[in-house]
Each structure stands twice: as C-alpha cells, then as structure tokens.
Amino acid sequence: MKTVSTNDEFIAGLQHLPKPHYPFPDFTHPDMQKQREEYYEWIDKEYAFQSTEAREKHKKHHLTDIAARGCPFLKDIAELRPLANYTANGAMMDDYFDRCSRDEMYQIMNKIIALLSGEDTQEPKENGIFHLFWILRQDAMKCEIPEKIYKRFVKSIKDVLIGYSEEKVYYRTNTVPPLSVYLLIREATSGVQPYCDYVLLQKEYRNLPEEIFDHPHIKRIYSLCSLMIGIHNDIISLPKELQREGDTMNIVKVLQKENNLSLFDAYKKSMEIHDEYLKEFLILQEHLPPFGEHQNNVYNYIQDLGIMIAGVYAWHTNDTSRYVNGGYVEGEFPGWNQ
C-alpha cells in the first residue's frame, strides 16, 4: 500500500487497512435488548444534568451491549446489570469528565470507590453518575455476587479510575506519552480488568480457588486482554482522535512520535504489537501451569476471556456512531469551582 501523506487521506483509507482477527466465537447475552432498554432509562433519569445532544448521542452508542457481548453466559439480567452499569456509566462518565484535571479525577475516583465498596453507605441525594454507581452496589448485593469476586471487581474499577486520572496529565497538555508510559496507563484505561473479574461469575468459575487468579501466568493473561482491547479500541477510534486536540493516548500517535513514523507505518506497527499480544495469549492458554483438578476449568475460563475480547471487538465493529467525527460526546464538566 502506498503511504498516505495527510490525515484526511489516511482516514479515507482506513477501511482498507488490516484489522484485528480473533480466533474466538462471538456470542451475545439473551437479555442484551432488555438491558439496552434499561440503559436508555438510566440516561434519561441519571444523566438529566447533561445536554439533550449528549444524551441522545449516548443512546446511539448502546454501551451496555459491551457487557452483553463480553459476558454472554451470565445466568440472567440481574447478573448482567452491574457489569452493564459499570460499562455504560464508566464510559459516559469518562466522556463527561474528559477535560477535568488529574486532581479532580482523583477526587471523583475516591467518591466512586467509597460508594462501590460500601464505605459510604448513604444514597446520593441527587440522580447522576455517583447515584448510578451506588445503584451498582445495590444490584450486586441483590444478585449475591460472592464477596471475594465483588471486592476484586471494585479494586479493578479503582485501577481503571487511577488510569483515567493519570492520562489527564497528557490530555490537558496535548502531550503524546512515551510508549512505556502509554502501555502502563492504557492497560488500566481499557477498562478490561473488571471484565476479567466478572467473567468469574459465568459457569462454575466462581468456585475456582482465589490463588489461581493471582498467579503470575493468569495475571499476564489479564494484561494481554487489557492491552489487546486497548489497542483495538485505539485503532477503531483513530479517525475521531486524529480530528481532536488532546486525544494523545492512542498507540498510533505514540508510535508515530516515538519512532518518527508515518501514520500508516505507525498503524501497521500498532497492529503488529497487537498481534504479538494475541500470539502470546494463545501460547499462555495452551501452556498453563499445573492447576490439578482445576486444569480444565481454568483452560475454559481463559477461553471465555478470549470470547470476552471477541465480544468487545464485535461491539466496536457493530457500533457506527461513537468513534466517528461528530459522534463523540464532548466533555461538559465545568470544574468543581465553577
């Protein structure tokens, strides 16, 4: 392919460039449409503080479909609901707080985690982002998520929010980070580790011993899941992010700057990195440590993490409204002191 010379030419040719390919089947939760309807209600009720334009854009994004595709084997909508809440509220919140400061994001994180952990037991008086996170905890208790899994889930959400906080340094200064910094932050901001924890609620995985999930082999698989989804998100959102100042946490931009590459070559290098991660994931799946009587169940759990990756990618490729120019919801947070 001929190397293109401008952003516009590159964006026009994106449809002809290589895309991620995952060797995992694609499923959807049977309650995906029902969860969508609840999502519309959340937006109308909890996001009434946002502009009508922002709310209507959010509805087109069908963010709860990510949960329905990523964890398609949850037994019912009651189990799907907390994950769908985290996914949709987390993404819409990230949009709303897009241009807040690092310190402001840490304040937001502390309030959210206090609500999710039960440290703050008071229901927020007003509808909104924090109230929706409070609802998440109530729904998790109703469907009796095991405490050890819920604690892992909340800890992982905290790590995601730390990533959101740290990336603000680069967004607010319109600075492209070094690759090593990008990878560290993007592993968190992809939002995938909470999904890896939530997959445990499917089938019989919740009965696996806790120490399995802290094994370095499994933790590396979690990192690979996060990075693969982070990179394919960057690839898909690139047309939008090439049009907006401040969207610097994108691997294509990072590689372009760090290695002085053309956009096309940086894109190609991004795909190569992604595919190396996929290759590593498959090798680690086939060469698990000996987990004794749990061996087959762990293998199947890793397979369902692959299905999760394919499911999130399926949402990305089915969505045609969020990552296009003009489809993104611009940050409307005015700051704490305004």
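(A) Highlighting the overall build of the protein. In terms of helices and strands, the protein carries 15 helices and zero strands. Across the 338 residues of the protein, 59% fall into the buried class. Just so you have it, the protein exposes about 14900 Å², and 49% of that area is on carbon and sulfur atoms.

(B) Region of interest: the packing of aromatic side chains. Considering all chains together, one arrives at 13 aromatic pairs under this definition. Centroid distance Phe-24 to Phe-281: 5.7 Å. Interplanar angle 80°. Geometry classified as edge-to-face. Within this pair, whereas Phe-24 is found in the loop between helix 1 (7-12) and helix 2 (32-46), its partner Phe-281 is found in helix 14 (residues 263-286), the two being separated by 257 residues in sequence. Per residue, the accessibility class of Phe-24 equals that of Phe-281, and both read buried. A centroid spacing of 5.8 Å and a plane angle of 75° characterise the contact between Phe-213 and Tyr-301, whose relative ring orientation is edge-to-face. Placement of the pair is Phe-213 in helix 11 (residues 210-213) and Tyr-301 in helix 15 (residues 295-318), with a sequence separation of 88 residues. According to the relative accessible area criterion, Phe-213 is buried, its value standing at 3%. Under the relative-accessibility criterion, Tyr-301 is labelled buried at 1%. Ring pairing ties together the aromatic residues Tyr-86, Tyr-150, Phe-153, Tyr-195 and Tyr-198, which thus form one cluster. Cation over ring: Lys-111 sits above Phe-130, and NZ or CZ is 4.5 Å from the ring centre. Stacked on the ring of Phe-73, the Lys or Arg Lys-203 has its end atom at 4.3 Å from the ring centre.

(C) A look at the pattern of salt bridges. This model, assessed by the stated rule, comprises 23 salt bridges. The salt bridge involving Arg-152 is made with Asp-197; its shortest N-O contact spans 3.9 Å. Here Arg-152, found in helix 8 (residues 147-172), pairs with Asp-197, found in helix 10 (residues 193-198); they are 45 residues apart in sequence, far enough to count as distant. On the basis of relative accessibility, which here comes to 15%, the residue Arg-152 falls in the buried class. Since its relative accessible area comes to 1%, Asp-197 is described here as buried. One continuous salt-bridge network, built from bridges that share partners, spans Asp-98, Arg-99, Lys-240, Glu-241 and Asp-247.

(D) Representation of the nonpolar core in the model. The biggest cluster of nonpolar side chains holds 107 residues, and the ones touching the most others in it are Met-93, Phe-281, Tyr-301, Leu-305 and Met-308. Leaving out residues up to four positions away in the same chain, Leu-305 has contacts with Cys-196, Val-199, Ile-221, Tyr-222, Cys-225 and Phe-281.

(E) Up close: helix 3 (residues 52-61). Within the span of helix 3, buried status applies to Ala-54, Arg-55, Lys-57, His-58, Lys-59 and His-61. Of the surrounding secondary structure, the elements contacted by the buried residues of helix 3 are helix 2, helix 5 (77-96) and helix 15. Following helix 3 by one or two positions, His-62 has its phi on the positive side, about 50°.

(F) Highlighting the state of the cysteines. Throughout the structure, instances matching the rule amount to zero disulfides. Cys-71 takes part in no disulfide bond, and the closest cysteine sulfur, belonging to Cys-196, lies 9.1 Å away.

(G) Here's a closer look at unusual backbone geometry. Residue His-62 is not a glycine yet carries a positive backbone phi of 50°. Tracing the backbone through its elements, the reader meets His-62 in the loop between helix 3 and helix 4 (64-70). Not every positive phi belongs to a glycine, and Asn-260 is a case in point at roughly 55°. Taking the relative accessible area as the measure of exposure, Asn-260 reaches 72% and is therefore exposed.

(H) Geometry of the environment of Ile-108. With respect to the element layout, Ile-108 can be found in helix 6 (residues 102-117). Using a relative accessible area of 0% as the deciding quantity, one classes Ile-108 as buried. Placed 22 residues apart in sequence, Ile-108 and Phe-130 show a C-alpha to C-alpha distance of 8.9 Å.

Rules behind the numbers
- Residues numbered from 1 in each chain as written.
- Predicted model: local features only at pLDDT ≥ 70, side-chain atom pairs only at ≥ 80, totals over all residues.
- Heavy atoms only, no water.
- Helix = DSSP H or I, 4+ residues; strand = E, 2+ residues; numbered from the N terminus.
- Buried < 20%, exposed > 50% of the residue type's maximum accessible area, 1.4 Å probe, protein only.
- Areas by Shrake-Rupley, 256 points an atom, 1.4 Å probe, with all protein chains shown as cover.
- Phe/Tyr/Trp six-rings, centres within 6.5 Å; stacked < 30°, edge-to-face > 60°.
- Lys NZ or Arg CZ within 6 Å of the ring centre and 35° of its normal.
- Salt bridge = Lys/Arg side-chain N within 4 Å of Asp/Glu carboxyl O.
- Core = buried A, V, L, I, M, F, W, Y, C linked by side-chain atoms within 4.5 Å.
- Contact = heavy atoms within 4.5 Å.
- Disulfide = S-S within 2.5 Å.

That's the geometry; what it means functionally is another story.
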